[in-house]
Amino acid sequence: MASAAREISAPLIQKEAEQYDASGSTTPPPYEEENSPIEQVALTVPVTDDRTLPAVTFRMWTLGTLACVLLSFLNQFFWYRREPLTITSISAQIAVVPLGRLMAATLTKRVFFEGRKWEFTLNPGPFNVKEHVLITIFANAGEGNVYAIHIVSAVKVFYKRELTFFVALVVALTTQVLGFGWAGVCRRFLVEPAAMWWPQNLVQVSLFRALHEKEERPKGGLTRNQFFLIAFTCSFAYYVFPGYLFPMLTSFSWLCWFFPNSILAHQLGSGLRGLGIGALGFDWSSISSYLRSPLASPWFATVNIALGFMLMTYVIAPVAYWLNIYNAKTFPIFSDGLFTSAGQNYNITSIIDENFHIDVEAYDREGPLYISTFFAMTYAFSFACLAATIVHVLLFHGRELWQQSKSVFQERKMDIHTKLMRKYKQVPEWWFTCILLLNITATIFVCEYYKDQLQLPWWGVLLACGLAAFFTLPIGVITATTNQTPGLNVITEYIIGYIYPGYPVANMCFKVYGFISVKQGIAFLQDFKLGHYMKIPPRTMFMAQVSSTCVLLFGKSYHLADHEPTLIFLIQHELIEQARVKVVGTLVSALVHLGTAWWLMDTVPDICDRALLPPGSPWTCPGDHVFYDASVIWGLIGPRKIFGDLGYYSTINWFFLVGAIAPLIVFLLHKAFPNQHWIRLITMPVLFGATISMPPATAVNYTSWIIIGFVSGFIVYRYYREWWGRHNYVLSGALDAGLAFMAVLLYLCLGMQHVDLSWWGSDPDGCPLASCPTADGIMVKGCPGYMRQV
């Protein structure tokens, strides 16, 4: 540990062992003996800060905007595919390095308006780590999917109704910005405390160090940079196999090979349409697509996810199916479909009237809607997860949060990173509050003015915002400590579905404003913590985050060490400067995401329609299918007719109680056996929330993820600690980046030219009977009973 402590105390950019304060004078490096109480952070994040590095530069604006545009386009493009590929900001983080260094070598170093208060230069010196961090923050805006576009897909593709581009854009923008206010309010609770360590950020911190630090190669080993290049090359070269030559590597469901005609074997063994027993994915995109990188997951969180997955998939699901609970055998064992009582696909269009509202008489004629038992149980686990999140945070973090609330205006103990960040001018909370209030006002106006398209009344907007405000803090605590984010999507659907049933678009909008604003707030907070670790000035972070929305002017760059008057002017006029540029990243991301989605819906024939798409087509839209299903269940028909007193699935409401009691049991056990520290690591929100993304996530997305998480988080971390500290997060970034670059290359060179391979290895699962029902008298096309009937 002593060697590790010496290693992480090295500054990211060495300045002859000197540190500069705001006035430019040199002082000894502070806090040499201090480090974070979280070991993973202590092994990864440096404890020094070079305040002379310029962050807001012309290079930052140019490369950040470019990265945001490209990632927004690519992620929306791949979102509609069978295995939705998320190209993370890590890819941009790597790709901009040579471009930044090229700009540093070629741009003029001329100082414009020299000697005046507006003095600036396009090239303040070598490409540095702080502007690199801000570029990555820009790229983060393009990484995440703009959730509001699900509304566009559902209305235009599934319901085949009218929704104008302008209305869609306004909804996308307002939902993206709404979370920024929640993030600002929760900063003091979720960014400054050392216990809120945000594991995913350590991947990017490791990569920044690998790309910027000059490191001596250890004897018999590799530098971080060398290791990254080797891992990146291997990942890039390997993805040609699961991505094109041998797609079966996505889900290696070997059990189906031995029993090709057995429905039972296919149900058990299929990694994509069954329980995934023995199924393995040798494809990093399927491993990290829904749960993110297993290398970034803390071991205790990996264990909780594994337990939740096994409880749901290998205990509850098979028992419920073979006991025929909720007529389970009438439907596929794993499906996101909507069915009639006879197991046929439900004709949703027949129960919608001309006003885009449920036709109650038609619904009574068609009969009640059914879903697969697995799908129903994932909703049950969602109920439990929501209740468990609130109770867990109150029991295990309530005292800490209360103490932080009381000491907001008092001095309190800070870790090394917070001490370093306190040297910078902080962002006033009223900035965030103004953004929040303006956005809520704009949202109410849009929903009222375009009520014929959005259906959501003004009070629905306020109620959604109230839910988001209440849940941001507890969900943020879970994310900051476990790397897993419980979702509000089900509870938001449930509430508005009871209050305002029969309006599917209103239900979707309420979910987006109540759920995605929290999700977006969590993303902003994660970026705040990344800036916290990398010592980015808070006001510069504010600008970059809100700015990841629209390209405006060019950024000024200041070399603070050389121009003290410039620094003084910047501080005095910083609010004006922020106002000029704060319109940049979210608008870009929303525009590009929406434009890409609109283009694909107009150019890909039968996109998302699995019945009409040709066999093997990648445009199956798994995420949008589940979103549409939810709008029918909770919005069009309403929870009362499905999960309430008039519904078939009313008993799963008891899972709210189960979720509330489970953390209390863990807490009592922890108090009864205080020496058994492992008890406190049982995190019921993570355990219950492990499978709430199934579907569209499938069993194979979990099996390989759990294995790799075990190897990394337990074996390597425990027995090869030094290797883990140097290379674990670098490896995660290299795998992400190599896969992303090869995936884009394959599509550009082969996919756009419709160059396909067709052989037995092209089937990504090889279990065609997994979706067959087993109840007597139920005939489904492609299943044995159907063939006999024909």
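Residues numbered from 1 in each chain as written. Predicted model: local features only at pLDDT ≥ 70, side-chain atom pairs only at ≥ 80, totals over all residues. Heavy atoms only, no water.

As recorded by an unreviewed UniProt entry, the protein carries the name Oligopeptide transporter 7 and is attributed to Rhododendron griersonianum. Recorded in UniProt under Subcellular location (unreviewed entry), the annotation for the protein is "Membrane". As recorded by UniProt, the Sequence similarities (unreviewed entry) comment attached to the protein reads in full: "Belongs to the oligopeptide OPT transporter (TC 2.A.67.1) family." (UniProt positions renumbered as here; feature names shortened; annotations may be inferred.)

Q: Just checking my understanding: could you explain the layout of surface pockets for this structure?
A: To find the voids left in a structure, one rolls a probe of water-molecule size over its atoms. The volume enclosed by the second largest pocket comes to roughly 1000 Å³. Taken together, 38 residues form the lining of the second largest pocket, with Trp 197, Pro 298, Phe 300, Thr 481 and Leu 681 sitting closest to its centre. Elements represented by at least two residues in the lining of the second largest pocket include exactly helix H2 (39–44), helix H14 (299–322), helix H16 (373–406), helix H20 (458–482), helix H30 (700–719) and helix H31 (721–751). Across the lining of the second largest pocket, the residue classes break down as 21 nonpolar, 12 polar and 5 charged. (1 Å grid on protein atoms, 1.4 Å probe; cavity = no way out; pocket = protein on both sides within 12 Å on 5 of 7 lines; lining within 4 Å. Points joined across faces, edges and corners; volume = space filled by probe spheres on them. Helix = DSSP H or I, 4+ residues; strand = E, 2+ residues; numbered from the N terminus. Nonpolar A, V, L, I, M, F, W, Y, C, P; charged D, E, K, R; others polar.)

Q: Where do I start with the packing of helix H8 (residues 200–212) against H31 in this structure?
A: When two helices pack together, their arrangement is captured by the angle between the axes and the distance separating the axes. The geometry of H8 relative to H31 is characterised by a closest axis approach of 8 Å and an angle of 95 degrees between their N-to-C directions. Judged by the inter-axis angle, H8 sits roughly perpendicular to H31. Here Leu 202, Val 203, Ser 206 and Ala 210 of H8 come into contact with H31, specifically with Tyr 729, Val 730, Ser 732 and Gly 733. Looking at the contact of H8 with H31, its residues break down into 5 nonpolar, 3 polar and no charged. (Axes fitted to C-alpha atoms, helices over the stretch in contact; angles between N-to-C directions. Parallel < 35°, antiparallel > 145°, perpendicular 65-115°, else oblique. Contact = heavy atoms within 4.5 Å.)

Q: Would you explain the packing of H20 against helix H21 (residues 489–499) in this entry?
A: At a minimum axis distance of 11 Å, the contact between H20 and H21 shows a crossing angle of 150 degrees. For the element pair H20 / H21, the angle class is roughly antiparallel. The hand of the H20/H21 crossing is right-handed. The segment H20 lies against H21, with Trp 459, Leu 463 and Leu 467 engaging Thr 492, Ile 495, Ile 496 and Ile 499. (Left-handed = near helix turned anticlockwise from the far one by under 90°.)

Q: Would you mind showing me how to read the nonpolar core here?
A: Of all hydrophobic cores here, the largest spans 165 residues; its most connected members are Tyr 80, Ile 348, Leu 369, Ile 371 and Tyr 379. Residues within four places of Ile 348 in sequence aside, it is in contact with Tyr 159, Leu 338, Leu 369, Tyr 628, Val 632 and Leu 636. The next biggest cluster of nonpolar side chains, apart from the first, holds 47 residues, and it includes Phe 127, Leu 207, Phe 208 and Val 730. (Core = buried A, V, L, I, M, F, W, Y, C linked by side-chain atoms within 4.5 Å. Buried < 20%, exposed > 50% of the residue type's maximum accessible area, 1.4 Å probe, protein only.)

Q: Would you mind showing me how to read unusual backbone geometry here?
A: Looking along the chain, the bond that leaves Met 694 and enters Pro 695 is cis, with omega of -25 degrees. For the peptide bond that leads from Pro 695 to Pro 696, omega is 10 degrees, which places it in the cis range. If you trace the backbone, Pro 696 turns up in the loop between helix H29 (684–689) and H30. Despite not being glycine, Asn 324 has its phi angle at roughly 60 degrees, a positive value. Here Asn 324 is to be found in the loop between H14 and helix H15 (360–366). Given a relative accessible area of 32%, Asn 324 falls into the partly exposed group. Phi at Tyr 326 is positive, roughly 55 degrees, even though this residue is not glycine. Assignment of secondary structure puts Tyr 326 in the loop between H14 and H15.

Q: Looking at this structure, how should I read the state of the cysteines?
A: Linking two cysteines covalently via their sulfur atoms produces the bond known as a disulfide. Evaluation of the coordinates by the stated rule reveals 3 disulfides. The residue that forms a disulfide with Cys 256 is Cys 767, at a sulfur-sulfur distance of 1.9 Å. The S-S bond linking Cys 256 to Cys 767 shows a torsion near 100 degrees; that makes this disulfide right-handed. One end of the pair, Cys 256, is in helix H11 (residues 255–258); the other, Cys 767, is in the loop between H31 and helix H32 (784–789), and 511 residues separate them in sequence. Across the pair, Cys 767 and Cys 256 agree in class, each one buried. There is a disulfide in this structure between Cys 608 and Cys 621, and the S-S distance comes to 2.0 Å. Between Cys 608 and Cys 621 the disulfide shows an S-S torsion of about -75 degrees. By sign, it is left-handed. (Disulfide = S-S within 2.5 Å.)

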